[in-house]
Amino acid sequence: MSTETTPTEVDATSARADSADRDQARTTSANPEMVPFPAQVRTVIARGWDRLEVLLTGRYHATYGLAVTRILIGLTGLGLILTNFNARHYAFGVGSAWSGEIADPKSDFPNIWLFSLFHRVVTVPPLFTAMMIGLAILAIVVTLGWRTRIVLPFYLILWVSFIELNDGAGDQGDNAYRMFLIALLFADTTRQWSLDARRRSRRHRDDGGEASDRAGNDPEVHGTTGGSRWRWVMIMAHNLAIVVLTFQVCAIYMSGGLYKAGGAAWQHGFAVCNPLHTQQFGTWPVLSELVTAWGPMVVMISWASVLFQCAFPFMLFNRWTRIAGLLGILSFHLGIALLMGLPWFSLTMIAVDAIFIRDRTFAHLGARLRTCLSAGLHNRRHSTSAMPRPGAPPCPKETNIRQSRVSLEP
């Protein structure tokens, strides 16, 4: 006996199967325990990989922070050159031959051809002075952000060649400065507050395209202009440079904090007092006496510096702890710059700390500053226009007052 199936029954059967599949999928999504564990692990890994890919290649991050880093790094190099310019021959030139650095340098950099430019001309004072002036000009160009992709490598080479002339005249800030410069070679530090950004914005307007927005997005990144097929490589290099800078800063703070925590002077809270009363670091004796006059204040400063340095990497994960950590580290560096006479080391570290401030915060502060400046200029222009011109006739009210005074006189 044969059984025939009508088309209506086939449709009903397929509809019931689809409904059963949907119910099963809904049940599976509602009960993740029913999904095999390896499948859940693969899903989590895939989602994490997608998020990491978007984070690294989606857009430029910390564009304002890196602009501040570039500006402060350039100002640090310029300031160090200017403050040592009068004593350049004694500190780095022929006058430092007594240290033996010219004949037998302690650093290996002068033995490398690329980093031996200053070492070759150190015995010729006019040429040495000209190269120092050229290095200062490069620092200004880096600060302004003009052709930074091309200028920054030359600045790094000349800077290392200059600073390694006298190993005894440097400090750990020079090492950090060099490491930060190497990382900045792979980042685009001119997307904000630079002459390069102004040039790109003008070119986009002339071509009929939109300029880069303040969140770091670029029309070239999202395929609105030609030649952006491999643009993601530049974005990834930029964002990985931020990761490297973050690791370097956190490693410096953590290692410094742990090293201090192992010392008895820091454990008992009087470590800050010792260097401030030495001739080398006590640059302001009166201020040093004022800061160290109250014992509990010395203890609080000593312990707070250790705690902030050790906890700084962990304070970056939350907005409010990040703000507290940045304010604490800023106060720490300002104290070092003012009390211990190490302004260029402090400015170098402050420059890189700027990458931890969000772009929207910088954009908001910039908008507020522009508003205040425009309001001040408007008020000044308004007050200037309201002032009577020399030789102009008095206003009617002033004329009536003068006439009434004349009529009351005897």
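Use the structure listed above.
This write-up is about the structure you can find in this document.

The rules behind each value
Residues numbered from 1 in each chain as written. Predicted model: local features only at pLDDT ≥ 70, side-chain atom pairs only at ≥ 80, totals over all residues. Heavy atoms only, no water. Helix = DSSP H or I, 4+ residues; strand = E, 2+ residues; numbered from the N terminus. Buried < 20%, exposed > 50% of the residue type's maximum accessible area, 1.4 Å probe, protein only. Contact = heavy atoms within 4.5 Å. Areas by Shrake-Rupley, 256 points an atom, 1.4 Å probe, with all protein chains shown as cover. 1 Å grid on protein atoms, 1.4 Å probe; cavity = no way out; pocket = protein on both sides within 12 Å on 5 of 7 lines; lining within 4 Å. Points joined across faces, edges and corners; volume = space filled by probe spheres on them. Nonpolar A, V, L, I, M, F, W, Y, C, P; charged D, E, K, R; others polar. Expected span 1.5 Å × (residues − 1). Axes fitted to C-alpha atoms, helices over the stretch in contact; angles between N-to-C directions. Parallel < 35°, antiparallel > 145°, perpendicular 65-115°, else oblique. Left-handed = near helix turned anticlockwise from the far one by under 90°. Patch = residues over 30% accessible without salt bridge, like charges linked within 9 Å, V, L, I, M, F, W, Y side chains within 5 Å. Salt bridge = Lys/Arg side-chain N within 4 Å of Asp/Glu carboxyl O. Lys, Arg positive; Asp, Glu negative; His and termini not counted. Charge placed at Lys NZ, Arg CZ, Asp CG, Glu CD. Phe/Tyr/Trp six-rings, centres within 6.5 Å; stacked < 30°, edge-to-face > 60°. Lys NZ or Arg CZ within 6 Å of the ring centre and 35° of its normal.

Turning our attention to the overall build of the protein. Per the secondary structure count, the protein includes 18 helices and zero strands. A burial count over the protein gives 35% of its 410 residues as buried. Looking at the protein alone, contacts between residues at least 24 apart form 71% of all its contacts between residues at least 6 apart. Of the roughly 25400 Å² of accessible surface on the protein, a fraction of 66% belongs to carbon and sulfur atoms.

It is worth spelling out the layout of surface pockets at this point. The calculated volume of the largest pocket comes to roughly 920 Å³. Forming the walls of the largest pocket are 34 residues, and the residues nearest its centre are Lys260, Phe332, Ile336, Met340 and Phe345. Contributing elements (two or more residues each) for the lining of the largest pocket: helix H8 (172-184), helix H10 (231-261), helix H12 (273-276), helix H14 (295-315), helix H15 (319-339) and helix H16 (343-353). Broken down by class, the residue content of the lining of the largest pocket amounts to 21 nonpolar, 11 polar and two charged. Taken as a whole, the second largest pocket encloses approximately 680 Å³ of empty space. Taken together, 21 residues make up the lining of the second largest pocket; nearest its centre are His61, Ala62, Ile242, Ile355 and Arg358. Elements supplying a minimum of two residues to the lining of the second largest pocket: helix H2 (37-57), H10 and helix H17 (359-386). A total of four residues in the lining of the second largest pocket trace back to one element, the largest contributor, which is H10. Each residue belonging to the lining of the second largest pocket can be placed in one class, and the counts come to 12 nonpolar, three polar and six charged.

Our focus in this paragraph is the environment of Gln280. Assignment of secondary structure puts Gln280 in the loop between H12 and helix H13 (285-291). Its relative accessible area of 62% is what places Gln280 among the exposed residues.

Taking 1.5 Å of rise per residue, the 21 residues of H14 would be expected to cover 30 Å, and the 28 Å separating its terminal C-alpha atoms lies within 8% of that figure. Taken residue by residue, H14 has Val298, Ser302, Ser305, Val306, Gln309, Cys310, Phe312, Pro313 and Met315 as its buried positions. Of the surrounding elements, those touching the buried residues of H14 are H10, helix H11 (264-268), H12, H13, H15 and H16.

A rise of 1.5 Å per residue sets the reference length of helix H7 (residues 148-163), with its 16 residues, at 22 Å; its end C-alpha atoms lie 21 Å apart and thus fit the reference within 8%. With 12 of 16 residues buried, H7 lies mostly within the body of the structure. Within the sequence span of H7, burial applies to Thr148, Val151, Leu152, Tyr155, Leu156, Ile157, Leu158, Trp159, Val160, Ser161, Phe162 and Ile163. Tucked inside the fold, the buried residues of H7 contact helix H3 (63-83), helix H5 (117-121), helix H6 (125-144), H8 and helix H9 (195-206).

Before going further, it helps to examine the packing of H15 against H16. In contact at an axis separation of 8 Å, H15 and H16 are set at 165 degrees when each is read in the N-to-C sense. Classified by the angle their axes make, H15 and H16 are roughly antiparallel. In this structure, the crossing between H15 and H16 has a hand that is left-handed. Contact residues: Leu326, Ile329, Leu330, His333, Leu334, Ile336 and Ala337 in H15; Pro343, Phe345, Ser346, Met349, Ile350 and Asp353 in H16. Among the residues making up the contact of H15 with H16, the classes are represented as 10 nonpolar, two polar and one charged.

What follows deals with a positive patch on the surface. Together, Arg59, Arg319, Arg358 and Arg360 make up a region of like positive charge exposed at the surface. Within the element layout of this structure, Arg358 appears in the loop between H16 and H17. Classification of Arg358 by relative accessible area gives partly exposed; the value is 31%.

With that settled, consider the pattern of salt bridges. Counting across every chain of the model gives three salt bridges. The residue Arg178 makes a salt bridge to Glu164 at a minimum N-O spacing of 2.3 Å. Taken as a pair, Arg178 in helix H8 and Glu164 in the loop between H7 and H8 lie far apart in primary sequence, 14 residues in all. With respect to class, Arg178 is no different from Glu164; both count as buried.

What follows concerns a nonpolar patch on the surface. Taken together, the side chains of Trp320, Ile323, Leu327, Leu330 and Leu334 present a nonpolar region at the surface, about 510 Å² in accessible area. When its relative accessible area of 48% is taken as the criterion, Leu334 is described as partly exposed.

Taken as a whole, this structure holds 14 aromatic pairs when the rule is applied. Judged by centre distance (5.9 Å) and plane angle (85 degrees), the rings of Trp193 and Phe362 are edge-to-face. Remark: Phe362 occurs in helix H17 and Trp193 occurs in the loop between H8 and H9; sequence separation between them is 169 residues. Judged by relative accessible area, which is 10%, Phe362 ranks as buried. Members of the aromatic cluster, joined through ring pairs, are Phe92, Phe118, Phe128, Tyr155, Trp159, Phe162 and Tyr177. The cationic tip of Arg88 hangs over the ring face of Phe85; the distance from NZ or CZ to the ring centre is 4.1 Å. Above the plane of the ring of Tyr60 lies Arg191, whose end atom (NZ or CZ) is 3.9 Å from the centre.

Of note, Ile301 is situated in helix H14. Sequence separation between Ile301 and Gly269 is 32 residues; the distance between their C-alpha atoms is 8.0 Å. Not counting residues up to four positions away in its chain, the partners in contact with Ile301 are Val272 and Val291.

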